[in-house]
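As a plain string of letters, each chain reads:
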Amino acid sequence: MDMADGGRALVREHALIAGRPVTATETIRVDDPAEGTTLGAVPKLSAQQVESAVAAAVGAFPAWAATPAFERAGVLRRWAALIEQHTDALAAVMSLENGKPFGEARGEIAYANQFVHWFAGEAERMGGHAIESWSGADRVVTFKEPVGPVAAITPWNFPAAMVTRKLAPALAAGCTVVLKPASATPFTAIALVELALEAGAPPAALNVVTGDSGTVGRVLTGSPDIRKLSFTGSTPVGRKLMADCAPTLKRLSMELGGSAPGIVFDDADLERAVDGVTKGKFRNTGQSCVSINRVYVQRPLLETFVAGVEARMRTLKVGRPFEDGVEIGPLIDENGVRKVEEHAAGLREGGARLVIGGGRHALGGLFFQPTLLVGGDGTLLRGEETFGPLMAVFPFDDEAEILQRANATEFGLASYVFTESLDRAFRAARRIEAGMVGVNTGVISHAANPFGGIKQSGFGREGSIHGLDEYLQIKAVTLAGVG
Ligand code: SIN
C-alpha cells in the first residue's frame, strides 16, 4: 500500500456522535486540491443531529469532569502514543484533503502531538491555591474546575494541530467537546478523534459534527449548555460567532486573522534573515495566519536580501504532496488562488517590481508560483493576509518609521524581527503590537509557546502554561473560622 492509499484508508464519511457514526441524506463533498478530484463526502447534519451531539457532550460532562486529572492525563498519553503510531496515515489523509506536502504534513502531526503531550502534563499540574486570611479567622481556597461542555471550530489550514490544540486542553481540564472541523478537511479531524476514543476518552466526551457552517454554528452558539467556544478562523467570522454567543454569555477563545510584519534591520545576519523570512513566509504554502505578510527591509540591506531570498526561492519545489522534495503544494481552493492573484496584481499596479513568479504555476489547477515582489504600495496587505506563496518586500529607512508602519494594521497576531542588536531586538519586540514576536526566526509555533493575538486578531492563548486556563473556571471557597 502506498502512502496515499494509507491516507484513503482513514477516510470516514460520517460524523461522530457519542462514539457512533452518523450520516445524513445530504452531504458535503471533500476535494483533493492537488488532483482536482473528489476524495469523499461528509454528512450535512440537521440542526436536530447537532443538538444530539450537544446533548451527548452535556451528558458525558459530569463523569468526565469527576475523573481524576491523572486518569485524564493517562488517556491523553495513550492518545499521543496512537497518534505517533499512525503518523504516516494521518499525514497522508491530511495531504489528500489539504494538499499539504507529505513531509510537512508529517511535521504537522508531530506538532499536533506536542499539544497532546503538553496538556497531559498540564492536567497533572492542575490546581488552585490557598489565600492568606484577610480577617484573621477566615481562609480562602480556590479550585479550578472545568468550564463545561465546549464547542471547538477549527480551520482547514492546520487540520490536525488546530484540533489537538483545542481538544487536548479541553479533555485535560475535564471538559467534553463538540468539534466542528472545516468542511474542506474533516477527515484528519475524524481520524484523530477516533484515535482519542480508542485511547479511552469516553465516547460521548468527543463528538464531531459536520455540515453547513450556518446550521452547525447556530446550534453551537445558541445552546445555553455549551459553556465555551474556541474558534480559529477569520476575523469577520470570529466577530459573528462572538455576537451569536453573547446571549448565552459563553467563554470565548478567538484565534483570528493576521498580517504579520517581518522587519529586517540592516544589522541583521543575512543568512539567518533569509532563512527565517523564507520559512516564515512559505510554511504551509503561505496559508497560515502567522505567515509573514509584509517584509520590511532596511534600505542598505535591501538588494542583498532580495538576491538571497530569490536564490532560496528558486530552490522551492512546487508539486503534488506525495512527490519527493516538494515544499510548496496547491492552494486550498480557487478563491485562495484568486486572492493571491489579486494581491500580486494590486502590488504591481502600486509600482512593485516582480523578481520571480507572478502567476499560476505550469502544473495548473490550484498551484501558484512562489512569487517575490519588491516595493510598491503595501496598504492592501496591511488589511488582508495573502494566504499564499507571495512574498512582498518593502524598503524602509529608520526604526521609528518602520515600527509605526508595522503597527498600522488592525491585526496583531505574529510579527518577526531580524537584528544582531539585543537592544534593538527588545525595543522592537516590546513596541510591536502583536501577541507573538519571533526574533531572528520565522518559526514561533510550539506547544510550549502561548499562541494568540491582540487587536482584531482575537484574544485568549492556546498551548503553553496558559492554555489550560482557557478551559477552567476558578471557584473561591471561603472557610469561616479556620485557622
Ligand atoms: C494558524 O495558521 O491558524 C496556526 C498556525 C500555527 O499554529 O503555527
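About the criteria used
- Residues numbered from 1 in each chain as written.
- Predicted model: local features only at pLDDT ≥ 70, side-chain atom pairs only at ≥ 80, totals over all residues.
- Heavy atoms only, no water.
- Buried < 20%, exposed > 50% of the residue type's maximum accessible area, 1.4 Å probe, protein only.
- Helix = DSSP H or I, 4+ residues; strand = E, 2+ residues; numbered from the N terminus.
- Pairing = 2+ DSSP bridges.
- Right-handed = clockwise from strand over helix to strand, strands pointing away.
- Axes fitted to C-alpha atoms, helices over the stretch in contact; angles between N-to-C directions.
- 1 Å grid on protein atoms, 1.4 Å probe; cavity = no way out; pocket = protein on both sides within 12 Å on 5 of 7 lines; lining within 4 Å.
- Points joined across faces, edges and corners; volume = space filled by probe spheres on them.
- Nonpolar A, V, L, I, M, F, W, Y, C, P; charged D, E, K, R; others polar.
- Near = heavy atom within 4 Å.
- Polar contact = N/O pair within 3.5 Å; in protein donor to acceptor, adjacent residues only side chain to side chain.
- Areas by Shrake-Rupley, 256 points an atom, 1.4 Å probe, with all protein chains shown as cover.
- Core = buried A, V, L, I, M, F, W, Y, C linked by side-chain atoms within 4.5 Å.
- Contact = heavy atoms within 4.5 Å.
- Salt bridge = Lys/Arg side-chain N within 4 Å of Asp/Glu carboxyl O.
- Parallel < 35°, antiparallel > 145°, perpendicular 65-115°, else oblique.
- Left-handed = near helix turned anticlockwise from the far one by under 90°.

**A word on the pairing of strand 10 (residues 228-232)**
Part 1 of the argument: Among the 5 residues in strand 10, 5 count as buried, and that is most of the element.
Part 2 of the argument: Residues of strand 10 alternate between two faces, with Lys228, Ser230 and Thr232 on one and Leu229 and Phe231 on the opposite face, all of them buried.
Part 3 of the argument: Strand direction decides the pairing type here: strand 7 (residues 150-153) and strand 10, joined by 4 bridges, are parallel. Of the residues in strand 10, the one forming a bridge with Ala151 is Leu229.
Part 4 of the argument: At this point the chain moves from strand 10, through helix 9 (residues 235-245), to the parallel strand 11 (residues 251-255), and the crossover so formed is right-handed.

**Remarks on the sheet that holds strand 16 (residues 390-396)**
Part 1 of the argument: One open sheet holds the 7 strands; their spatial order is 14-15-16-13-12-18-19, and the pairing between them is mixed. Two strands bound the open sheet, and with one partner strand each, they are strand 14 (353-356) and strand 19 (436-439). For this sheet the average axis-to-axis angle between neighbouring strands, irrespective of direction, equals 20 degrees.
Part 2 of the argument: Two elements, strand 15 (residues 371-374) and strand 16, share 4 bridges in a ladder whose sense is parallel. Directly across from Val374, in strand 16, lies its bridge partner Val393.

**Notes on empty space enclosed by the protein**
Part 1 of the argument: Going through the model one piece at a time under the given rule, you end up with 4 cavities of 30 Å³ or more.
Part 2 of the argument: Each pocket or cavity is described by its volume, and for the largest cavity that value is around 60 Å³.
Part 3 of the argument: Forming the boundary of the largest cavity are Tyr111, Phe158, Met162, Arg165, Glu255, Arg283, Ser288, Cys289, Val290, Ser445 and Phe451.
Part 4 of the argument: Its residues assigned to classes, the lining of the largest cavity comprises 6 nonpolar, 2 polar and 3 charged.
Part 5 of the argument: Taken together, 14 residues form the lining of the second largest cavity, with Pro261, Thr409, Phe411, Gly412 and Glu433 sitting closest to its centre.
Part 6 of the argument: Counting residues per element, the ones that place at least two in the lining of the second largest cavity are strand 12 (260-264) and strand 17 (411-412).

**Examining the site of the ligand**
Part 1 of the argument: Around the ligand lies a shell of 13 residues, among which Tyr111, Arg165, Arg283, Cys289 and Ser445 are the nearest.
Part 2 of the argument: Between Arg283 and the ligand, the recorded distance is 2.8 Å, taken from a side-chain N or O atom to an oxygen atom.
Part 3 of the argument: Here an oxygen atom of the ligand and a backbone polar atom of Cys289 are 2.9 Å apart.
Part 4 of the argument: Protein chains bury 99% of the 260 Å² of accessible surface belonging to the ligand in isolation.
Part 5 of the argument: Class assignment of the residues belonging to the shell around the ligand gives a composition of 6 nonpolar, 4 polar and 3 charged.

**Some details on unusual backbone geometry**
Part 1 of the argument: If you check the backbone angles, Asn440 has positive phi at about 60 degrees while not being a glycine.
Part 2 of the argument: Following the sequence through the fold, Asn440 ends up in the loop between strand 19 and strand 20 (454-455).
Part 3 of the argument: The phi angle at Lys455 is positive, at roughly 50 degrees, despite the residue not being glycine.
Part 4 of the argument: Structurally, Lys455 can be placed in strand 20.

**A few points about the sheet that holds strand 22 (residues 472-479)**
Part 1 of the argument: The strand order 5-6-22 describes an open sheet built from 3 strands, whose pairing is antiparallel. The open sheet has two edge strands with one neighbour each: strand 5 (130-131) and strand 22.
Part 2 of the argument: Relative to strand 22, strand 6 (residues 139-146) runs antiparallel, the two being bridged by 8 bridges. If you follow Phe143 over to strand 22, its bridge partner there is Lys475.

**Remarks on the layout of surface pockets**
Part 1 of the argument: The computed volume of the largest pocket comes to approximately 1300 Å³.
Part 2 of the argument: In this structure, the largest pocket is lined by 50 residues; those nearest its centre are Trp156, Phe231, Gly233, Ser234 and Val237.
Part 3 of the argument: Secondary structure elements with two or more residues in the lining of the largest pocket: strand 3 (27-32), helix 8 (213-222), strand 10, helix 9 and helix 12 (334-349).
Part 4 of the argument: In terms of residue count, the dominant contributor to the lining of the largest pocket is helix 9 (7 residues).
Part 5 of the argument: Taken together, the residues of the lining of the largest pocket sort by class into 19 nonpolar, 17 polar and 14 charged.
Part 6 of the argument: Space inside the second largest pocket adds up to approximately 490 Å³.
Part 7 of the argument: Residue lining of the second largest pocket: 22 residues in total, with Glu104, Lys279, Phe282, Arg283 and Asn284 positioned closest to the centre.
Part 8 of the argument: At the level of elements, helix 5 (102-124) and helix 10 (270-282) are the ones that each hand at least two residues to the lining of the second largest pocket.
Part 9 of the argument: Here the element with the most residues in the lining of the second largest pocket is helix 5; it accounts for 6 residues.
Part 10 of the argument: Class assignment for the residues of the lining of the second largest pocket results in 8 nonpolar, 7 polar and 7 charged.

**Structural notes on the nonpolar core**
Part 1 of the argument: Membership of the largest hydrophobic core comes to 104 residues, with the highest contact counts inside it found for Trp79, Val264, Phe305 and Val393.
Part 2 of the argument: If one sorts the elements of this core by residue count, helix 5 sits on top with 10 residues.
Part 3 of the argument: Residue contacts for Val264: discarding those within four places in its chain leaves Ala273, Val277, Val295, Tyr296, Val297, Gln298, Leu301, Phe305, Phe396 and Phe418.
Part 4 of the argument: If you look at the next biggest cluster of nonpolar residues, it comprises 27 residues, including Ala18, Ala57, Ile153 and Val219.

**Describing the pattern of salt bridges**
Part 1 of the argument: If you walk through the whole model with that rule in mind, you get 33 salt bridges.
Part 2 of the argument: Between Arg12 and Glu194 there is a salt bridge whose closest N-O contact spans 2.9 Å. With a gap of 182 residues between them, Arg12 in the loop between helix 1 (3-8) and strand 1 (15-17) and Glu194 in helix 7 (residues 186-198) connect regions that are remote in the sequence.
Part 3 of the argument: Given a relative accessible area of 27%, Arg12 falls into the partly exposed group.
Part 4 of the argument: Measuring nitrogen to oxygen at the nearest pair gives 2.9 Å for the salt bridge that ties Asp275 to Lys279.

**A word on the packing of helix 3 (residues 69-85) against helix 6 (residues 161-173)**
Packed helices, taken two at a time, are described by their axes: the angle between them and the distance between them.
Part 1 of the argument: Close contact between helix 3 and helix 6 brings their axes to 8 Å; oriented N to C, the two are set at 150 degrees. Judged by the angle between their axes, helix 3 and helix 6 are roughly antiparallel. Of the two elements, helix 3 crosses helix 6, and the hand of that crossing is right-handed. Residue-level inspection shows Arg72, Leu76, Trp79 and Ile83 of helix 3 in contact with helix 6, the latter providing Thr164, Leu167, Ala168, Leu171, Ala172 and Ala173.
Part 2 of the argument: In the contact of helix 3 with helix 6, the residues fall into 8 nonpolar, 1 polar and 1 charged.

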